[in-house]
Amino acid sequence: MTRTGRALRLALRDLYANSWRLLPINAALGALLVAVGVAAFAVRAAVVLVVLAGPVAAALVHSAVTLVRTGNLAFADVREGLVLHWRRGFVLGAGGAALLLLGVLAVRFYSRSPLLVPFAFLTVYLLFMLCIYQIVWWTLAIAEPGLPLRASARAAAELVARRPGSTLLLGLALLLVNIIGIAAAVMPFLTLTLAYSFVAAAHFALPTPTLEGRS
């Protein structure tokens, strides 16, 4: 089984066993993202408000990392993740917001002329690849809080460079999962697809835990 397939399978197993613990933080993050999306639809510059979701996303990533490393998760772990990583979550969220805003502006600019439409598609592709990279970076940054963000960013880039095909497959799989979740639910932030995505990313990016570590 490929590393991507293994990560997706193990994430499904972990989510099945811990869905009720992950649901509250998944719902909180999803609700924030939906609120930002609605605000950005009215005022495009409001997309920068996605930075407010950073600390909540950091708590969810911390929960995913804890689950992958230990095989167990408690509500206290979610609270601990928010307390430990809210600052780092703001910084990572700010970087993600800046990336998203630049991408939206670039796509709008290139879409104005038929001659530039290919550049718009290229921008969307680059944004997708950078989003995959961001997921890996978030995972490593939260998993190793003592590591400077610049070092974790470099480690994420090295991991993606070593496994470009597997990383792309992971990104496509998670994109499909989240699209299905949004299409199938009245309230998409209750489908646990965000939690599944981060657990799968943790299984993909982190070393395989020993049996003792998951006891």
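Use the structure listed above.
Overview of the structure. Being a predicted model, the structure only gives us computed values, none of them experimental.

### With respect to the overall build of the chain
- In terms of helices and strands, the chain carries 7 helices and 0 strands.
- Along the chain, helices and strands appear, N-terminal first, in the series α-α-α-α-α-α-α.
- When each of the 215 residues of the chain is scored for burial, the buried share is 42%.
- Look at the contacts in the chain between residues 6 or more apart in sequence, and 74% of them connect residues 24 or more apart.
- For the chain, the exposed surface amounts to about 11400 Å²; the carbon and sulfur share of it is 74%.

### Comments concerning a nonpolar patch on the surface
- Together, Leu49, Leu52, Leu82, Trp86 and Phe90 make up a nonpolar patch on the protein surface, roughly 420 Å² of accessible area in all.
- Accessibility expressed as a relative area gives 49% for Leu52, which makes it partly exposed.

### Observations concerning helix 5 (residues 149-162)
- Over its 14 residues, helix 5 extends 20 Å from the first C-alpha to the last, a length consistent with the 20 Å expected when each residue adds 1.5 Å.
- Considered for burial, the residues of helix 5 that qualify are Leu149, Ala151, Ser152, Ala153, Ala156, Leu159 and Val160.

### Section: the nonpolar core
- In this structure, Leu8, Leu22, Leu29, Leu60, Val136 and Trp137 are the most contacted members of the largest nonpolar core, which totals 48 residues.
- Listed by contribution, the elements that provide at least two residues to this core are helix 1 (3-42), helix 2 (54-70), helix 3 (75-110), helix 4 (117-143), helix 5, helix 6 (164-184) and helix 7 (193-205).
- Each residue touching Leu60, except ones within four places of it in the same chain, is listed here: Leu22, Ile25, Asn26, Leu29, Leu194, Ala195 and Phe198.

### Details of the side chain of Ser63
- With respect to the element layout, Ser63 can be found in helix 2.
- A relative accessible area of 0% places Ser63 in the buried class.
- Contact partners of Ser63, with chain neighbours within four places excluded, come to Leu22, Leu73 and Val78.

### Observations regarding the pattern of salt bridges
- Here the structure, examined in full by the defined rule, presents 2 salt bridges.
- A salt bridge links Asp14 to Arg13; its shortest N-O distance comes to 3.1 Å.
- As a salt-bridge pair, Glu144 and Arg69 come within 3.1 Å of each other at their nearest N and O atoms. Here Glu144 is found in the loop between helix 4 and helix 5, whereas its partner Arg69 is found in helix 2, with 75 residues between them in sequence.
- Classification of Glu144 by relative accessible area gives partly exposed; the value is 41%.
- The partly exposed category is assigned to Arg69, whose relative accessible area is 35%.

### A closer look at the packing of helix 2 against helix 4
- Put simply, helix 2 and helix 4 touch, their axes get as near as 9 Å, and they point 75° apart. With respect to each other, helix 2 and helix 4 are oriented roughly perpendicular. Residues Gly54, Ala57, Ala58, Val61, His62, Val65 and Arg69 of helix 2 form the contact with helix 4, whose own contacting residues are Trp138, Thr139, Ile142 and Ala143.
- Across the contact of helix 2 with helix 4, the residue classes tally to 7 nonpolar, 3 polar and 1 charged.

Reading guide: rules and limits
Residues numbered from 1 in each chain as written. Predicted model: local features only at pLDDT ≥ 70, side-chain atom pairs only at ≥ 80, totals over all residues. Heavy atoms only, no water. Helix = DSSP H or I, 4+ residues; strand = E, 2+ residues; numbered from the N terminus. Buried < 20%, exposed > 50% of the residue type's maximum accessible area, 1.4 Å probe, protein only. Contact = heavy atoms within 4.5 Å. Areas by Shrake-Rupley, 256 points an atom, 1.4 Å probe, with all protein chains shown as cover. Patch = residues over 30% accessible without salt bridge, like charges linked within 9 Å, V, L, I, M, F, W, Y side chains within 5 Å. Salt bridge = Lys/Arg side-chain N within 4 Å of Asp/Glu carboxyl O. Expected span 1.5 Å × (residues − 1). Core = buried A, V, L, I, M, F, W, Y, C linked by side-chain atoms within 4.5 Å. Axes fitted to C-alpha atoms, helices over the stretch in contact; angles between N-to-C directions. Parallel < 35°, antiparallel > 145°, perpendicular 65-115°, else oblique. Nonpolar A, V, L, I, M, F, W, Y, C, P; charged D, E, K, R; others polar.

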